[in-house]
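An overview of the molecular structure
Here's the letter readout for the chains.
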Amino acid sequence: LKAGYLERRLPELALPVLIVHGRRDPIPYWSAEQTAAMIPDVSLQPIEDCGHFPWLERPGELRRHIAAFLAAR
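What you are looking at is a predicted structure, and each value in this text was computed from that prediction instead of being measured.

How each quantity is defined
Residues numbered from 1 in each chain as written. Predicted model: local features only at pLDDT ≥ 70, side-chain atom pairs only at ≥ 80, totals over all residues. Heavy atoms only, no water. Helix = DSSP H or I, 4+ residues; strand = E, 2+ residues; numbered from the N terminus. Buried < 20%, exposed > 50% of the residue type's maximum accessible area, 1.4 Å probe, protein only. Contact = heavy atoms within 4.5 Å. Areas by Shrake-Rupley, 256 points an atom, 1.4 Å probe, with all protein chains shown as cover. Pairing = 2+ DSSP bridges. Right-handed = clockwise from strand over helix to strand, strands pointing away. Salt bridge = Lys/Arg side-chain N within 4 Å of Asp/Glu carboxyl O.

**Considerations on the overall build of the chain**
Counting its regular elements, the chain contains four helices and two strands. Order of helices (α) and strands (β) in the chain, N terminus to C terminus: α-β-α-β-α-α. The C-alpha extent of the chain, read off along each of the three principal axes, is 35 × 30 × 15 Å. Counting all 73 residues of the chain, 29% fall into the buried class. If you take every contact in the chain between residues at least 6 apart in sequence, the share linking residues at least 24 apart comes to 60%. Element-wise, carbon and sulfur atoms account for 59% of the exposed surface of the chain, whose accessible area totals about 5,100 Å².

**Examining the pairing of strand β2 (residues 42-47)**
Summarising the sheet, strand β1 (residues 17-22) and β2 pair through six bridges and their orientation is parallel. Bridge pairing in β2 places Val17 opposite Val42. With respect to chirality, the unit in which β1 leads through helix α2 (residues 29-37) into the neighbouring parallel β2 is right-handed.

**Comments concerning the side chain of Glu61**
Among the secondary structure elements, Glu61 is positioned in helix α4 (residues 59-71). Judged by relative accessible area, Glu61 falls into the buried class, the value being 18%. Discounting chain neighbours no more than four positions away, the residues touching Glu61 are Pro46 and Ile47.

**Some points on the environment of Pro54**
Within the secondary structure, Pro54 is located in helix α3 (residues 54-57). As for Pro54 and Leu44, which are separated by ten residues in sequence, their C-alpha atoms are 14 Å apart. When sequence neighbours within four positions are dropped, the list of residues in contact with Pro54 reads Val20, Ile47, Pro59 and Leu62.

**A word on the pattern of salt bridges**
Within this structure, the stated rule accounts for five salt bridges. Measuring nitrogen to oxygen at the nearest pair gives 3.1 Å for the salt bridge that ties Asp49 to Arg24. Of the two residues, Asp49 is situated in the loop between β2 and α3 and Arg24 in the loop between β1 and α2; the sequence distance between them amounts to 25 residues. Residue Arg58 is joined to Glu61 by a salt bridge in which the shortest nitrogen-to-oxygen separation is 2.8 Å. The class of Arg58 is partly exposed, set by a relative accessible area of 28%.

Listed below in structure tokens is the structure:
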């Protein structure tokens, strides 16, 4: 982060990106929002009542977000 690598490289991504973030994750949601803002073709999907491991905590909801993301592409 200090070197500004993400700020320089994320805007260059030439592929769609899905970011899924649990609202109870110890990493704050705003960090996912800031990351998403740097990516040209991004979908940011929050999952309520979920921490850092949505594939364990809310697997059905995670699958729905992934399926919708893929279907839109």
